[in-house]
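The primary structure of each chain is shown beneath.
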Amino acid sequence: GQQLNQSPQSMFIQEGEDVSMNCTSSSIFNTWLWYKQDPGEGPVLLIALYKAGELTSNGRLTAQFGITRKDSFLNISASIPSDVGIYFCAGRGVGANSKLTFGKGITLSVRP
Amino acid sequence: DTAVSQTPKYLVTQMGNDKSIKCEQNLGHDTMYWYKQDSKKFLKIMFSYNNKELIINETVPNRFSPKSPDKAHLNLHINSLELGDSAVYFCASSNPGLAGGWDIQYFGAGTRLSVL
């Protein structure tokens, strides 16, 4: 089946720093999404990408759909303590019956 | 107003019991999902219903039975609970009628199931 790779499992940064997260796949995806999960809550959509090469921003967050359609990255600039959480990439592959697949997530910690 | 609501938020029960988790969405979406998140935070889809019809059924033990009385509700019944069923279960919904709608899923806050 389709798999999405996110690593490392955890990241630790200082408040104010920028951070970049990558998500890769061995197969082509038609859609890439980035979700954030706060402790005790469900995942919330941050950014959705539908076209290869697309670069989209949402406040301090910027995400790109890789040209090869096999990867995506998420950048967070000027991190703040509330950026703490688990960041999941998700993607939908090619095919009418393709379902949304989630990566294993990256837990981000922000030191004040 | 909560868009996707699940009840209960916490569920602690003994092995062998039968339990149900309820999910309701007030977004007018046609499609609803159940996901399981294990202790390593890995999110895996279990089921998906579109307009009350099952469209995705991953390899899930048949002790798990989803029921969709209408398109705003998708409940999950679990028979003969086992220790390995302990996890957080998330309900989600999406609106495939919109461009990209299949993909933008709205999640509930989760039900934390502990089987003792």
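The structure we're discussing is the one just above.
For the structure given in this document, a descriptive report is provided here. Keep in mind the model is a prediction, meaning the values are calculated, not measured.

Observations regarding the sheet that holds strand 7 (residues 64–70) of chain B
Residue and element names in this part refer to chain B.
Next, step 1: Spatially, 1-3-8-7 is the arrangement adopted by the four strands of the open sheet, whose pairing is antiparallel. In this open sheet, the two edge strands, each paired with only one partner strand, are strand 1 (4–7) and strand 7. The average undirected angle you get between the axes of adjacent strands in this sheet is 20°.
Next, step 2: Examined bridge by bridge, strand 1 and strand 3 (residues 19–25) share four bridges and lie antiparallel to one another. Counterpart to Gln6 in the pairing with strand 3 is Cys23.

Some words on the nonpolar core
Next, step 1: By size, the foremost hydrophobic cluster in this structure holds 22 residues, and its most contacted members are A:Met21, A:Trp34, A:Leu74 and A:Leu108.
Next, step 2: Listed by contribution, the elements that provide at least two residues to this core are strand 2 (10–14), strand 3 (19–25), strand 4 (29–37), strand 5 (43–49), strand 7 (61–65), strand 8 (71–76), strand 9 (85–93) and strand 11 (106–111) of chain A.
Next, step 3: Setting aside its immediate chain neighbours within four residues, A:Leu74 contacts A:Val19, A:Ser20, A:Met21, A:Trp34, A:Leu46, A:Ile47, A:Leu61, A:Thr62, A:Ala63 and A:Tyr87.
Next, step 4: Listed in part, the 20 residues of the second largest apolar core include B:Ile21, B:Phe47, B:Val60 and B:Phe64.

Focus: the interface of chain B and chain A
Next, step 1: The partner chain A presents 18 residues to the 20 residues of chain B that form the contact.
Next, step 2: Summing both partners gives a buried area of about 1,600 Å² for chain B against chain A, and 58% of it is carried by carbon and sulfur.
Next, step 3: At the boundary of chain B and chain A, one finds zero salt bridges.
Next, step 4: Summed over the shared surface of chain B and chain A, the result is four residue pairs in polar contact (both at pLDDT 80 or more).
Next, step 5: For the side of chain B that touches chain A, the secondary-structure elements that each account for two or more residues are strand 4 (31–37) and strand 5 (43–50) of chain B.
Next, step 6: Its residues placed into classes, the side of chain B that touches chain A shows 10 nonpolar, four polar and six charged.

Some details on the side chain of B:Arg112
Next, step 1: Looking at the element boundaries, B:Arg112 is found in strand 11 (residues 111–115).
Next, step 2: Put simply, B:Arg112 is tucked away with no salt bridge, and the nearest opposite charge, on A:Glu41, sits 6.6 Å away.
Next, step 3: At a separation of 3.2 Å, a polar atom in the side chain of B:Arg112 contacts the main-chain carbonyl oxygen of B:Ala109.
Next, step 4: Excluding residues within four positions of it along the chain, B:Arg112 makes contact with A:Gly40, A:Glu41, B:Lys9, B:Tyr10, B:Leu11, B:Ala87 and B:Val88.

Here is what the cut-offs are and how they apply
Residues numbered from 1 in each chain as written. Chains lettered and ligands numbered in written order. Predicted model: local features only at pLDDT ≥ 70, side-chain atom pairs only at ≥ 80, totals over all residues. Heavy atoms only, no water. Pairing = 2+ DSSP bridges. Helix = DSSP H or I, 4+ residues; strand = E, 2+ residues; numbered from the N terminus. Axes fitted to C-alpha atoms, helices over the stretch in contact; angles between N-to-C directions. Core = buried A, V, L, I, M, F, W, Y, C linked by side-chain atoms within 4.5 Å. Buried < 20%, exposed > 50% of the residue type's maximum accessible area, 1.4 Å probe, protein only. Contact = heavy atoms within 4.5 Å. Buried area = accessible area lost by both parts, 1.4 Å probe. Salt bridge = Lys/Arg side-chain N within 4 Å of Asp/Glu carboxyl O. Polar contact = N/O pair within 3.5 Å; in protein donor to acceptor, adjacent residues only side chain to side chain. Nonpolar A, V, L, I, M, F, W, Y, C, P; charged D, E, K, R; others polar. Lys, Arg positive; Asp, Glu negative; His and termini not counted.

By themselves, these are just geometric observations and shouldn't be taken as functional.
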